[in-house]
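Results of the structural survey
As a plain string of letters, each chain reads:
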Amino acid sequence: MIRAGIIGASGLTGGELVRLLTQHPVLEPTFLGGSSSAGMHIGELHPGLRINPALTVRHVTDGIAAELDVVFLATPAPVSAELAALLADQDHAPVVIDLSGAFRIRDRELHDRWYPKVERRADLVDRFVYGTPELVGDQMEDAALISLPGCYATAITLGLAPLTHGLGLPVHTVLVDAKGGSSGGGLRPRTAALHPLRSGAITPYAPAGHRHAAEVTDFLRRTRPGSLGSLTMSAYGVPTVRGVLASLYVFTGRAVDPRELERTYLRYYKGHPFVRPRRHTETRIPVPDPQAVLGSNFCDVTALVGEDGGHIVVLAALDNLVKGAAGQAVQAANLRFGLPEETGLTMLPVMPA
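Residues numbered from 1 in each chain as written. Predicted model: local features only at pLDDT ≥ 70, side-chain atom pairs only at ≥ 80, totals over all residues. Heavy atoms only, no water.

1. Some words on the pairing of strand β5 (residues 95-98)
Let me state the cut-off plainly: A 1.4 Å probe rolled over the protein chains alone gives each residue an accessible area, and that area as a share of the maximum for its type sets the label: buried under 20%, exposed over 50%, partly exposed in between. Here a strand is any run of E in DSSP of at least two residues, a helix any run of H or I of at least four, and the numbering for each starts at the N terminus. We treat two strands as partners when DSSP finds at least two bridges between them. For crossovers, right-handed means that the path from the first strand over the helix to the second runs clockwise, given strands pointing away from the viewer.
Side chains Val95 and Ile97 project from β5 onto one buried face, and the interleaved Val96 and Asp98 project onto a second face that is buried too. Bridging between strand β4 (residues 70-73) and β5 involves four bridges; their strand directions are parallel. Paired with phenylalanine 72 across the strands is isoleucine 97, a residue of β5. Each parallel crossover has a hand, and for β4 linked through helix α3 (residues 77-88) to β5 it is right-handed.

Okay, structure coming up:
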């Protein structure tokens, strides 16, 4: 068995990691870390997870490194930066998979703009492998430090990659309209998240820009120089708990045949079981739709040529707690430890949910 630790087990993503790992045939959750929740059983924190009664939350010390093969950091970015520094230099350092934004943006100026309160060790930044497994999985195979994209960034990058990495299109402008459920905001109490205000509302909480757009820009400009001009994003909260839908309006300056576009996405994601290129009208409900992927590690993607022929519309939908967080983390761990990437992640979507 591969001994796994989850730090930040009391949060929504931490609970999702516990749920997935308790059903995993190889990765075994043997350590749950936290601070204010220390001493509590996981079932007290997440009522749906009535599992091993001995599995309680413990305080985090540097001694845990010797107990674990892999540590998942489901913690806020400032905490992840501290824990990564604590764990990376241990004699028997475990693999660290960070789900926060601490190490997503390599460019220092861009990082400081979007994460001004996150101080990180400069020597660790370049040691982290960043990206979705579908794009950088080969780099994860021997990585000691892995930083995973945010939920919106995952949807955006998977939506754009066949164009930038597949066709090699120079993308001049990308406008992103992104909508997400309330679980994306975590469990931190906020007035705007209260049910009387959130229910039935479409809330423009980041209409002029979002840090997930910054990490996509940083990643694409590093991995495909010249492939991206500008990427602008507006984010809206919608009255669902789970799910993300990213609508991308892509201007390339080059006409693309609709059939070529469809074939490009099918070819690009062939052999990647968790990204499903879809025709918009192939099912009873138009897809991609977040409700068609809830509870699963799938990301559904559709690419269409705009009616005027001058732009491409890409739609990407995923469950923000699974493919956008915990599921992607398990997928990365599978690749890192030489397991088939779908191990422990073959659950189908729950619909209706």
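2. Some details on the sheet that holds strand β13 (residues 299-305)
Quick reminder of the rule: In this analysis, axes come from line fits to C-alpha atoms, helices being fitted only over the stretch in contact, and the angle between any two N-to-C directions falls in the range 0 to 180 degrees. Whether two residues are in contact is decided by their heavy atoms: any pair within 4.5 Å suffices.
Spatially, the seven strands line up as an open sheet ordered β9-β10-β8-β11-β14-β13-β12, and their pairing is mixed. Looking at the sheet topology across the chains shown, the edges are occupied by β9 (203-206) and β12 (275-277). Put simply, the sheet's adjacent strands are angled 25° from each other on average, direction ignored. Note: β13 against strand β14 (residues 312-318), seven bridges, orientation antiparallel. Paired with leucine 304 across the bridge in β14 is valine 313. Against the sheet, helix α7 (residues 151-167) contacts β8 (171-180), β9, β10 (228-237), β11 (244-251), β12, β13 and β14, and its axis sits at roughly 35° relative to β11.

3. So, the sheet that holds strand β7 (residues 145-147)
Spatial ordering of the open sheet is given by β3-β2-β1-β4-β5-β7-β6, a layout of seven strands whose pairing is parallel. Every interior strand has two partners, whereas the edge strands, β3 (57-58) and β6 (128-130), have only one. By the bridge criterion, three bridges tie β6 to β7 in an arrangement that is parallel. Counted as the bridge partner of valine 129 is isoleucine 146 from β7.

4. A look at the pairing of β14
The element β14 is extensively covered by neighbouring structure, given that seven of its seven residues are classed as buried. With burial as the criterion, each face of β14 is covered, one bearing Ile312, Val314, Ala316 and Leu318 and the other bearing Val313, Leu315 and Ala317. Two elements, β11 and β14, share seven bridges in a ladder whose sense is antiparallel. The residue of β14 that forms the bridge with tyrosine 249 is valine 313. Here β13 folds back onto β14 in antiparallel fashion, the turn holding six residues, of which glycine 309 has a positive phi close to 75°.

5. What to know about unusual backbone geometry
Residue proline 288 is reached from valine 287 by a cis peptide bond, and omega for that bond is 0°. Here the bond from methionine 351 into proline 352 is cis, since omega is 0°, no more than 30 degrees from zero. For proline 352, the position within the fold is in the segment after α11 (322-336).

6. What to know about helix α1 (residues 12-21)
Most of α1 is tucked away: seven of the ten residues are buried. Elements in contact with the buried residues of α1: β1 (2-7), β2 (27-33), α2 (42-45), β4 and α11.

7. Thoughts on helix α9 (residues 211-223)
Applied cut-off: Expected span, for any helix, means 1.5 Å times one less than how many residues it has.
The terminal C-alpha atoms of α9, which comprises 13 residues, lie 19 Å apart, in line with the 18 Å expected from a rise of 1.5 Å per residue. Among all positions of α9, only His212, Ala213, Ala214, Glu215, Val216, Thr217, Asp218, Phe219 and Leu220 are buried. Against α4 (108-114), β6, α6 (133-140), α7 and β10 lie the buried residues of α9.

8. Some details on the nonpolar core
For soluble globular proteins, the rule of thumb is that nonpolar side chains tend to be buried together. Our working rule: Residues grouped as a nonpolar core are buried Ala, Val, Leu, Ile, Met, Phe, Trp, Tyr and Cys residues, joined through side-chain atoms within 4.5 Å.
Counting residues in each nonpolar core, the largest one holds 79 residues, and the members touching the most others are Phe72 and Ile97. Tallying contributions element by element places α7 first for this core, with nine residues. The residues touching isoleucine 97, leaving out its near neighbours within four places in the chain, are Val70, Val71, Phe72, Leu73, Ile146, Leu148, Ala329, Ala332 and Ala333. Leu73, Ala77, Phe103 and Leu110 belong to the second-largest nonpolar core, a separate cluster that totals 25 residues.

9. Considerations on the packing of α1 against α11
To be explicit about the condition: The labels follow the angle: roughly parallel below 35 degrees, roughly antiparallel above 145, roughly perpendicular from 65 to 115, and oblique for the rest. Throughout, a crossing is termed right-handed when the near helix is turned clockwise from the far one, and left-handed when it is turned anticlockwise from it by less than a right angle. Throughout this entry, Asp, Glu, Lys and Arg are counted as charged residues, while Ala, Val, Leu, Ile, Met, Phe, Trp, Tyr, Cys and Pro are counted as nonpolar. The remaining residues, Gly among them, count as polar.
Contact geometry for α1 and α11: axes closest at 9 Å, N-to-C directions at 45°. Classified by the angle between their axes, α1 and α11 sit oblique to one another. As for how α1 packs across α11, the hand of that crossing is right-handed. Between α1 and α11, the contacting residues are Thr13, Glu16, Leu17, Arg19, Leu20 and Leu21 on the first element and Val322, Ala325, Ala326, Gly327, Ala329 and Val330 on the second. Residue composition of the contact of α1 with α11, grouped by class: eight nonpolar, two polar and two charged.

Honestly, it's all geometry; don't read function into it.
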